[in-house]
Amino acid sequence: MSMLRTPSGGRIDRTRALRFTFDGRLMQGHQGDTLASALIANGVHLMGRSFKYHRPRGPISAGAEEPNALVTVTRSGRSTPNLRATQIELYEGLAALSQNRWPALDFDIGAINGLISPFLGAGFYYKTFMGPKALGSNWAWTKIYEPVIRAAAGLGRAPEGPDLDRYANRFAHCDVLVIGGGDAGLTAALEASADGKASVILCDEQAEFGGWLLNSDGAWLGETLATLASRPNVRMLRRTQAFGYFAQNFVALQERLTDHLADLPEGTPRERLWQVRAGEVILATGAIERPLAFPDNDRPGIMLAGAAETYATRYGVRPGTRAAIFTACDSAYGAALALKAAGVEIAAIVDIRLKPDPALAAQALEAGIAVHSGTVITGTTGGKRVSHITIGKLQPDASVRGADQLACDFVAMSGGWVPSVHLFSQSRGKLRWDETLNAYVPNITAPGQKQRSVGACAGAFSAEMRGAFNGATPVPGDPAKVKAFVDFQNDVTARDIRLATREGMHSVEHVKRFTTTGMATDQGKTSNMNALGIVSEALGKSLPEVGLTTFRQPYTPVTFGLFAGQARGDLFDPVRKTPIHNWAVAQGAAFEDVGQWKRAHYFPQKGEDIHAATNRECRLVRGTVGIFDASTLGKIELVGPDAAEFLERVYVNNWKNLGVGRCRYGILLNEAGFVIDDGVIARLAPDRFHITTTTGGAARVFAMFEDYLQTEWPDLKVWQTSITEQYAVIAVQGPKARAVLAPLVEGINLASEAFPHMAIREGRICGVETRLFRVSFSGELGFEVNVPASQGRAVWEAIHAEAIKQGGGAYGTEAMHVLRAEKGFIIVGQETDGTMTPDDVGLGWAIGKAKTDFIGKRGLMRPDLMAAGRKQLVGLQTLDPKVVPEEGAQITAEANPAPGTAALGHVTSSYWSETCGRSIALAVIANGRARVGEVLHIPMPGGAIAVTVVAPVFYDPKGERLNG
Amino acid sequence: MLLIHCPYCDSNRPETEFRNAGAAHILRPSDPATTSDAEWAEFLYLRENPKGTIAERWRHVHGCGRFFNAIRDTVSDDFAVTYRAGEPRPGTTP
Amino acid sequence: MAKTLMAEPPKSKPRLPNDAIAWITAAPPLARFIFRGSPEAEAAAGSAYGLAFPKALNRAASIGERGKPGARVALRIGPDELLLIVPIAEGKAVQTALETATAAHPHSLVDISDRHTGFALEGPHAADLINAGCPLDLDERAFPVGMVTRTLLHKAEIVLWRMGPTLFRVEVWRSFAPYVEALLEEAAHDFL
């Protein structure tokens, strides 16, 4: 056992030795150790290098507030950076690496930053890296400075591979959530759960409940934990950090499930996110000790007095053999006695206060400990570990005299205690400055947050927590010549903060950003009060006048995995598949994402790329027959005596005159008059319509209809129901479409006279009930077969078999797009962009001219919507038929327009048309219809593409092919 | 995650079940044809953007499906009250 | 009502790693309707249905056993919106009976048998599994047996009906069903 271990006591299991490595060096600790306590037991205090100056650093704390001892833990393909060694529970085989050093922790080239540190002061980044203006304001930063600085400064390396772990999520509700399992929290949990009814969640970030009680051997802790465990209404969460406190008593907890285990259980989540809604929140988050900002206060071996005591009593490890105590608080006396009892020699207690409590001083003297009151540490020496301190006496004129040296191998310091008000502050509670405690304490609870703070976090300090000091301790000579660290993690010194105030940063928010104090991953848990003290002194304002920066979530850093939870990979977002999807997969289809839907993009046959496949599929439809899965189309069944009246009011078209069994192409506008959706609507009965919408617009259109029905026209007797997923939709398009369906359909006469274009019939196909539409989005004779989704695949296969017999086959969305573009059929969202009227896209004919009102009618009458020169849908033919312009490309009158020339419009759709044997494009162009015949240009990086404006129909302009 | 009281379900439900639907108490003119361009533009586009309480519409889209109105504080996000569509804004005479 | 051309075999349990957590049982093919209409239409429909529709929002009424002859379910998922579920073989007859009974009252009855798939989630951790992705309070005091509501499970809308302290039925739009079931199976790892 290590020489530094105490002979007995503490929470470690001395019978269970654990091996671990730090930077590859094999060491031993015990079950119950943290990585920090185990390293200290091995005589290692140097655990990392500081962020900016690469100064050697060791832990100053024994808990979550740790700014220095950040390490990377690697295990079975995993690598987690920036973990606090003070919180990492030791397990057999743990492998930890120090960070921010090169080539090695104890020989680090970056430490040269420390030698040039006079040039790296506060605001250095802002002031220095302004490169030559000619190269652009940001050139030097992005090309030179930032890469160099990033290589030299920083924290651990982000892992590069995917996260191998699983993360769980749990929404929970409770009557009382107690945060913090120390004395106060346990007492609160006992009380809250006593009636056996109130559901209570108690959480604590440590491996064991107890907080400070773990430093002593009282029986109350064990009894209390047993009582709480026996109550079924209490849920106890260890290793669980409450990291965010949001509105309406909503608190986020991070429960660490496996990081402490030597063997990772198969399949078990690594962490669990609890999203707790609590009737009442009881904050029992305790207090954090503040460091003292004295010269060279950052050498390894210098730590908080409470932490030193914790290492000695809870972890059974002496932080060193000879300690100097530097304090402004009574509690360090207790720490000194505890360390002494643990076998540590105490060089002296150096108390900044002129008159420490005489009883405490007497107690110390009795234990053989020298007490120097009115005394400060004025410097420290030691390379990778503190070896000596220098002390000086405070004079009545506030100067410091004397330079006695004391040998020690660690320093325990205490600037007093600060209530942990972070979560209270996150909950938007208002703080109050407490003169006695020299700290902020909770004052006014935010509206809607039923909560209270208890114990030390409420400022209810025990007697021995008396005494505090904020700011930098006095030094002999020029305070600008010493490095007294305030924010250890961001390497901010007292001098930096004074510099900031001299340079005009008088708001604490400005000081924070200028110096970066409090902006590191520890969010200034140990530095805020000292920073405020220095600002207060420099500005000659009282500390409450200086103000306080905001505490933000998360309290401690949280893994990305926890936030992602289950939403990873295939579960990131719902992947919606049609009933025919698996058939398409089996055929080797390529898919494209359309919103959450997977749609068959094309069906490549041997050796075909997308172009070859699409060309072939277009030939099938134009030549014989193609079948297409249109199941994703939005569908709404509208029923009620006022159904036609409702359609009259929402769509631009006439509906009351639509006969039963007939269909009409509907155009939907918003109130502003712009096209937002379109689709075929069929009348199944006088009071029943089958509406189709675009795939992407389905939910939006349904919500819009519901809005008007509920809030504008609640008197209408009509109701809608989404039937998007009720039906699989199979489009059968091409001259042989009728021949394909004929053998399968029962009860429907497919002949043109009986079943004209834009009609609907109900009957059976393959024995299944169908709503059969005669519609065409290809310009060919076409039908759309609607069958219940569960039958979709089987009906599709039957239709496909017939199509094969006719020399046809399946086609995908790419061919569908080409075919409709050849006919000039628009796609809402492609030809329209939210600023196009029906007339702009050539659909003015659809508007019911005699209607007094419909959604968008008044909008269409606004002057700008009726003005000449609006963009209009046209076709484009490139002069070189082989060139396919890019969609979105701008169109100009000249081939080489002067910079700043406004475009006339842009290309909305552009394809190779196998049918036409040339490229075709649709575009919207100012005054486009009057420009038919003009030659315009599409300026591109490789030279302008000349195009002729044509009518937006490239194939069968008379529509004769619809008749088959 | 905020809780919003649905006046139809009469219970507090998580905000993810709801969608905001813009300002409340803006009536669609019964005969839009008679409105001036300025009036119509106001109906379409001009909305209050107060710092403080605002009356707005919400829909319990992943719940009962109903649109309703709410008085919300734009600074604190606090929902003072929610009420059914068609009911007057609390504190005003219908 | 669709005749079953291709039967979808019910998924066999257990779908989750461990029966001690919960298990998923796929519903047999069922006939489903959305009924929306005036209170008079509802009353008339309820008589014809053989089961009075629940008056209160987010409440369920049911008789019989799922898929068995005579079984009737009425779930009020909106103030004027009822989800009716009956055995598939009785769908057509129920549809006709309801239309006949309500002919005098404006209403809408729409067949959505295939819009949804349904499954039961049962077991000691059923509520916990749902709470992995659903923020509702599923304590029986807040979500008692007989309560039903549309809600969200992660990003998918579901209809959640508590039939017993540890028994839920979930109705979900067909294309979201694989996502929902996969999420529940993934969540089950939290209880291993």
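Residues numbered from 1 in each chain as written. Chains lettered and ligands numbered in written order. Predicted model: local features only at pLDDT ≥ 70, side-chain atom pairs only at ≥ 80, totals over all residues. Heavy atoms only, no water.

The next subject is the pattern of salt bridges. Residue and element names in this part refer to chain A. According to the stated counting rule, one finds 65 salt bridges over all chains in the structure shown. The salt bridge involving Asp298 is made with Arg55; its shortest N-O contact spans 2.6 Å. Note that Asp298 is positioned in the loop between strand E16 (287-289) and strand E17 (302-304) and Arg55 in the loop between strand E3 (48-49) and strand E4 (56-57), a separation of 243 residues in sequence. Given a relative accessible area of 3%, Asp298 falls into the buried group. A relative accessible area of 15% places Arg55 in the buried class. (Salt bridge = Lys/Arg side-chain N within 4 Å of Asp/Glu carboxyl O. Helix = DSSP H or I, 4+ residues; strand = E, 2+ residues; numbered from the N terminus. Buried < 20%, exposed > 50% of the residue type's maximum accessible area, 1.4 Å probe, protein only.)

All names here are of chain A. In this sheet, strand E12 (residues 234-237) lies alongside strand E11 (residues 200-203) in parallel orientation, the contact comprising four bridges. Its bridge partner lying in E12, Ile201 is registered against Arg235. In terms of handedness, the path from E11 via helix H6 (residues 219-230) over to E12 forms a crossover that is right-handed. (Pairing = 2+ DSSP bridges. Right-handed = clockwise from strand over helix to strand, strands pointing away.)

In this assembly, 14 residues from chain C lie in contact with 13 residues from chain B. For the chain C and chain B pair, buried surface summed over both sides reaches about 980 Å², with 56% attributable to carbon and sulfur atoms. At the boundary of chain C and chain B, one finds one salt bridge. Between the two partners, chain C and chain B, sit six residue pairs in polar contact (both at pLDDT 80 or more). Every element with two or more residues in the side of chain C that touches chain B is listed here: strand E4 (72-78) and strand E8 (148-153) of chain C. Looking at which element gives the most residues to the side of chain C that touches chain B, the answer is E8(C), with four residues. Among the residues making up the side of chain C that touches chain B, the classes are represented as six nonpolar, four polar and four charged. (Contact = heavy atoms within 4.5 Å. Buried area = accessible area lost by both parts, 1.4 Å probe. Polar contact = N/O pair within 3.5 Å; in protein donor to acceptor, adjacent residues only side chain to side chain. Nonpolar A, V, L, I, M, F, W, Y, C, P; charged D, E, K, R; others polar.)

The next thing to look at is the sheet that holds strand E7 (residues 94-98) of chain A. Residue and element names in this part refer to chain A. Reading across the sheet, the five strands line up as E2-E1-E7-E5-E6 and stay open at both edges, with mixed pairing between neighbours. Both outer strands of the open sheet, strand E2 (25-31) and strand E6 (78-84), are each paired with one neighbouring strand and no more. Between one strand axis and the next, the sheet turns by 35 degrees as a mean value, whatever way the strands run. Where strand E5 (residues 70-75) and E6 come together, five bridges link them in antiparallel fashion. For Arg75, the partnering residue across the bridge sits in E6 and is Arg78. (Axes fitted to C-alpha atoms, helices over the stretch in contact; angles between N-to-C directions.)

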